[in-house]
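Each chain is listed here by its residues.
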Amino acid sequence: MSESLVLLGIIIAASSGVPGLLLRRTSMSGQWVTTFLAVLGAALGLGGVVWFWATGESHPIVLQWSLPGAEFSVAIDGLSAIFLVPVFLISLLGNIYGLGYWKQTEHPQNGRKLRLFYGTMTAGMALLVIAQNSILFLFGWEIMALSAFFLVTTEDNEKEVRETGWIYLVATHVATLCLFALFAVLHAANGSFTLGPLNPETLRPGAATAIFVLALVGFGIKAGIMPLHVWLPSAHAMAPSHVSAMMSGVLIKMGIYGLVRITSFLPHPPREWGILLLGLGVASGVLGVAFAIGQHDLKRLLAYHSIENIGIIVMGLGLALIGRSLDRADWIILGLGGALLHIWNHALFKALLFLSAGSVIHAAHTREIDRLGGLAKVMPRTSLCFLVGAVAICGLPPLNGFVSEFLIYLGLFGTLMNGERRSFAGSSFAAPALALIGALAVACFVKVYGAVFLGTARSEHARHAHESPPSMLGPMGVLVACCFLIGLAPLLIAPILQEGVSAWAPNLKDAGPRLATLAPLEWITSMGLLLNLAVLLGGVVLWMRLGRGVVEEGVTWGCGYVAPTPRMQYTSSSFAQMLVGMFGWVLRPRTHQPKDLPLFPPETYFHSEVPDVVLDVVVLPTFRFGAWLFSWGRVFQHGNIQTYLLYIFLALIALLLWR
Amino acid sequence: METIFHDAVHVLLALGLPPLLLGLIAKTKALFAGRVGPSVLQPYYDLIKLVQKGSVFSTTTTWVFRAGPVVALVTAGIAVLLIPLADATAPLSFTGDFVLLAYLLGLGRFFTASAALDTGSPFEGMGAAREVTFACLAEPAFFLGMLVLAKLSGSLQLADMLGSSLASHWSADGESLVLVLLSWFIILLAENSRIPFDDPNTHLELTMIHEVMVLDHSGPAYGMILYGAALKLFVFGALVVRLAFPMTGGSPWLDWPIFVGGMLVVAVAIGVVESIMARLRLTHVPILLVAACLLSGFGIILLVR
């Protein structure tokens, strides 16, 4: 039943954009039909997942397929259920948001295309998550990857967007190439294209390593693990905001899904793999947020935070893998439980942040942080939503980000504790790294929130911004509520996470410790409530005290200067300057500053930017070298068909002689 | 019955003592400078005076500016309830409570710094930037120290990590604990904006960190900030005291005075440091904080080698 509901949802979502193609491009009717279908499909999909949790039953659907080796076989388990929720939820909210953000009447040339591929991307992701056959998985994967290409290049009339689209397309195909190799090795090891655990007796160690490395690279590119993240920042920045929300919140998690699924097949992973994942997680986390601090573009900054959060998720997965190697159930549950919860949390707060950012861009027509400012006065609701998202992404209580980071902290500290077996204290050093990530995230989001929403407007656009319509605020409100719900009542989610962990490590299904006993989730609830109540009480006390005293208004104290202007405010670049300097050895910021000024300086300017080091220093030079290398091949290939016929003729002669 | 007694003493001490620490620091500095100085109770008078005063709010500010002091006070207020003071479990105690402690202070920092940016003043922006930047280095040092305590106690609960069993570890693994103690004392100075990181009494806004962040606050809201800062000093002071004097006298009538005495010693020590040192150049602050991280880092390496 649950599988049928999800499949029905997938079919409706995939076709949701089709009726719109037949309707007039200057009217809203097509968009209403599409949104209705997309919401219906997503609601059916979510219904299927809830049905699965309620009954715990799974009835795989298997259909014959004429493709050799392929089989249309889908099933839901604890893991796929967890990944299906953000796919359908964010798609549902994103479609409603699009009603106000990307109106067909305002974007007649690309609105229909956007909605068509929004639906197919949702369907592709849902399909790959429930696929039981690697060829079916690849079909879902490619539907998702190609739809995302068309979504990123929605505004393909701009050069920058087209360039971003190309980089994305190359990256995603490198990833797919790795997946082809991965599934070929899996087929060789397992004898079929059915996805399932590998037999430890027949598995050669080399094959296991090949599977792990191919999965890490292929899925790592999609997930955006540092240094495989090169496509991610621009793609998230260039896409329309509800597409960015879907890509950052959900699409990159498909890479994580692949990693989680494939690692669950490997019977006895060596400890080094877990350590490698943990190290990559720490690197992605710290460097992701460090790059984010240096950005001037609101959406690019959020995109780098996706890399940071993927890092946190990979840390959890690495811990779980180490736990599996050393047979420590508590590390598995806390590590993987934390990672799976962080997948949800990141989908919620990052979608919230991107939708709020979209709301800002919609109102102020710029993504430049240093041209915004003072929006809290003209857009109070958007500003509140962004604040909730910012506090949540920093992992601060009482919101959802705290819960998942708390679980990972407990797991990492747990590696210090001696069990019956040999412990592995080295991984505990990831805990201070997680603390560093958290503190850097606070610095970054204070900067963004302060520069965009607080103070006074730095440009005319920001001064005349307006609050967004309810169709945009509504989805943001739902996400805010979800952030609070998970932050205040994590005990509700514990059984779902437990189910996901059991799907990864089946021996923990009925035996072993439970998440709810390993982590004091009820304490998180009471502390969260206490915090909320105390803040409320403190606010009331201050408000009453102010009400009885004398309250005056005046200009901001400028140490005696009484006419402050918006240009005198601290900019986001100045705010970040010390941290960018501290990480200068890896960020390599580029600055232009006036030098050797004469006694009466003429007009000059200062400019700074933090480009993507991996893209600029490693990837682009490599590709340029490749282009130069292959240019030698042009001697043989110059588009003259007669010469090609000659090649064929000579080759045939050679073959005849050889025979 | 005994827990109720302990909790009551805990709450009374944690809420009543903090301003006295500020007074004692000022008194120590005055004595060093050969002055009489204000009474040690002066911070209490200041708080009472501020609560009764009127307020001025800048026209650029929003509700975030008013929320800053409230959140800073509330988070510090909950944080003091998480720390075990004398040889007793804190009123709020559970596995992983130290993570909540660190993140509560992070929440307070988020709102204090946001409130500073809400004024649109370049000075306050500067202060906020410095505060969040230095915290990035202080936070890992705190967690590295916690790794040492977790390893020694085999527990993830502050009540055990800073419990009386620590006294026995001082003889066996003293070198690790000394390193953590040094590291945490540096963190205490940094997080509470004391010399050598920040000079709370300097006259030049350009060089301040915490004081410049709260320039625009006035009246009761400023009182909340002052009290919140005192509570935060108490939190870090209590951590250092429990680490340095974990011994128990066997009876609560002895344990509580030991603890209070320890806190007073810490306050005097801060005063001495402030009297004999100058403020560091801002560019040198990160180096000292990285050193604090390394001290704790060596502490844990000594344990798990």
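Residues numbered from 1 in each chain as written. Chains lettered and ligands numbered in written order. Predicted model: local features only at pLDDT ≥ 70, side-chain atom pairs only at ≥ 80, totals over all residues.

### So, the overall build of chain B
Looking only at helices and strands, chain B features 13 helices and one strand. Along the chain direction, N to C, the helices and strands of chain B fall in the order α-α-α-β-α-α-α-α-α-α-α-α-α-α. Its C-alpha atoms give chain B a radius of gyration of 19 Å, within 12% of the compact-globule value 19 Å for 305 residues. When the backbone C-alpha atoms are referred to their principal axes, chain B occupies close to 55 × 45 × 45 Å. Here chain B, with 305 residues, has 61% of them falling under the buried criterion. Across chain B, the fraction of contacts at a sequence separation of at least 24, relative to all contacts at a separation of at least 6, is 79%. (Helix = DSSP H or I, 4+ residues; strand = E, 2+ residues; numbered from the N terminus. Rg over C-alpha atoms; globule rule 2.2 N^0.38 Å. Buried ≥ 20, exposed ≤ 12 C-beta atoms within 10 Å, placed from the backbone. Contact = placed C-beta atoms within 7 Å.)

### Section: the overall build of chain A
Along its length, chain A carries 26 helices and five strands. Taking 2.2 N^0.38 as the reference for a compact globule, 659 residues should give roughly 26 Å; the C-alpha atoms of chain A span a radius of gyration of 26 Å, in line with that estimate. With respect to the three principal axes, the spread of C-alpha positions in chain A is 100 × 70 × 55 Å. For chain A, buried positions account for 55% of its 659 residues. Taking all contacts inside chain A whose residues are at least 6 apart in sequence as the whole, residues at least 24 apart take part in 80%.

### Observations concerning the environment of S193 of chain B
Residue and element names in this part refer to chain B. In this fold, S193 is placed in the loop between α9 (174-191) and α10 (210-213). It is 8.7 Å that separates the C-alpha atoms of S193 and E131, two residues lying 62 residues apart in sequence. When near neighbours in sequence (up to four residues on either side) are disregarded, S193 contacts D198, P200, I209 and H210.

### A word on helix α15 (residues 380-393) of chain A
Structural remark: α-helix, 3.6 residues per turn; residues separated by three or four positions point the same way. Residue and element names in this part refer to chain A. Taking 1.5 Å per residue as the helical rise, α15 with its 14 residues ought to reach 20 Å, and the 20 Å between its terminal C-alpha atoms agrees with that figure. Of all the 14 residues making up α15, eleven are buried; the element is thus mostly covered by neighbouring parts of the structure. Looking only at α15, the buried set comprises T382, S383, C385, F386, L387, V388, G389, A390, V391, A392 and I393. G395 lies just past α15 and shows a positive phi near 75°. (Expected span 1.5 Å × (residues − 1).)

### Quick notes on the interface of chain A and chain B
Interface size, as often reported, equals the accessible area lost upon joining of the parts. Taken together, the contact pairs 63 residues of chain A with 63 residues of chain B. Of all the elements in the fold, those that place two or more residues in the side of chain A that touches chain B are α14 (375-378), α16 (400-414), α17 (430-453), α22 (521-548), β3 (551-554) and α23 (572-582) of chain A. The residue makeup of the side of chain A that touches chain B, split by class, is 45 nonpolar, 14 polar and four charged. Of the strand pairs in this sheet, β3 of chain A and strand β1 (residues 55-58) of chain B are connected by four bridges, and their pairing is parallel. Counterpart to G554 of chain A in the pairing with β1 of chain B is S58 of chain B. (Nonpolar A, V, L, I, M, F, W, Y, C, P; charged D, E, K, R; others polar. Pairing = 2+ DSSP bridges.)

### Section: helix α1 (residues 2-14) of chain A
All names here are of chain A. Under the 1.5 Å per step criterion, the end-to-end length of α1 is 18 Å for 13 residues, consistent within 8% with the ideal 18 Å. Here α1 has its buried residues at S2, L5, V6, L7, G9, I10, I12, A13 and A14. Contacts from the buried residues of α1 go to α3 (29-55), β1 (61-63), β2 (72-74), α4 (78-101) and α5 (111-130).

### Examining the packing of helix α11 (residues 271-293) of chain A against helix α12 (residues 298-325) of chain A
All names here are of chain A. Orientation of α11 relative to α12, taken along the N-to-C sense of each, is 160°, at an axis distance of 7 Å. When the axes of α11 and α12 are compared, the pair comes out roughly antiparallel. Our pair here, α11 against α12, has a crossing hand that is left-handed. Looking at the contact of α11 with α12 residue by residue, the class counts come to 20 nonpolar, nine polar and two charged. (Axes fitted to C-alpha atoms, helices over the stretch in contact; angles between N-to-C directions. Parallel < 35°, antiparallel > 145°, perpendicular 65-115°, else oblique. Left-handed = near helix turned anticlockwise from the far one by under 90°.)

### Quick look at the packing of α4 of chain A against α5 of chain A
Residues and elements named next belong to chain A. Two numbers describe how α4 lies on α5: the axes approach to 9 Å, and their chain directions differ by 170°. Classified by the interaxial angle, the pair formed by α4 and α5 is roughly antiparallel. Where α4 abuts α5, its residues S80, F83, L84, V87, F88, S91, G94 and N95 lie against Y118, T122, M125, A126, V129 and I130. Along the lines of polarity and charge, the residues of the contact of α4 with α5 split into nine nonpolar, five polar and no charged.

### A few points about the nonpolar core
Within the largest apolar cluster, 345 residues are counted, with the highest numbers of intra-cluster contacts made by A126, L352, L434, L440 and C483 of chain A together with L21 of chain B. If one sorts the elements of this core by residue count, helix α13 (residues 329-364) of chain A sits on top with 22 residues. A126 of chain A has contacts with V6, I10, G45, L84, V87 and F88 of chain A, leaving out every residue within four places of it along the chain. (Core = buried A, V, L, I, M, F, W, Y, C linked by C-beta atoms within 7 Å.)

### Some details on unusual backbone geometry
Residue and element names in this part refer to chain A. Note the cis peptide between M226 and P227, where omega equals 5°. By the element assignment, P227 lies in the loop between α8 (205-223) and α9 (232-238). Of the consecutive residues P397 and P398, the connecting peptide bond is found in the cis state with omega at 5°. In this fold, P398 is placed in the loop between α15 and α16. Here the phi dihedral of D327 falls at roughly 60°; this positive angle occurs in a residue that is not glycine. Locating D327 in the fold gives a position in the loop between α12 and α13. The backbone of R588 sits at a positive phi, close to 45°, despite the residue not being glycine. The residue R588 is located in the loop between α24 (584-587) and β4 (590-592) in this model. Residue classification places R588 among the partly exposed residues on the basis of 14 C-beta atoms within 10 Å.

### Here's the deal with the environment of A207 of chain A
Residues and elements named next belong to chain A. Assignment of secondary structure puts A207 in helix α8. Expressed as a C-alpha distance, the spacing of A207 and L655, which sit 448 residues apart in the sequence, is 36 Å. For A207, the contacting residues outside a window of four places in its chain are V185, A188 and A189.

### Points about the environment of A150 of chain B
Mapped onto the secondary structure, A150 of chain B falls in helix α6 (residues 122-153). Given 24 C-beta atoms within a 10 Å radius, A150 of chain B is considered buried. The spatial distance from the C-alpha of A150 of chain B to the C-alpha of L162 of chain B is 9.4 Å, given a sequence separation of twelve residues. Sequence-distant contacts of A150 of chain B, defined by excluding residues within four places in its chain, comprise F413 and L416 of chain A together with S155, L156 and M161 of chain B.

### A short note on the confidence of the model for chain B
This prediction gives chain B a mean pLDDT of 91; 100% of its residues lie at or above 70. Scored as a complex, the prediction yields pTM 0.95 and ipTM 0.96. (pLDDT = per-residue confidence, 0-100.)

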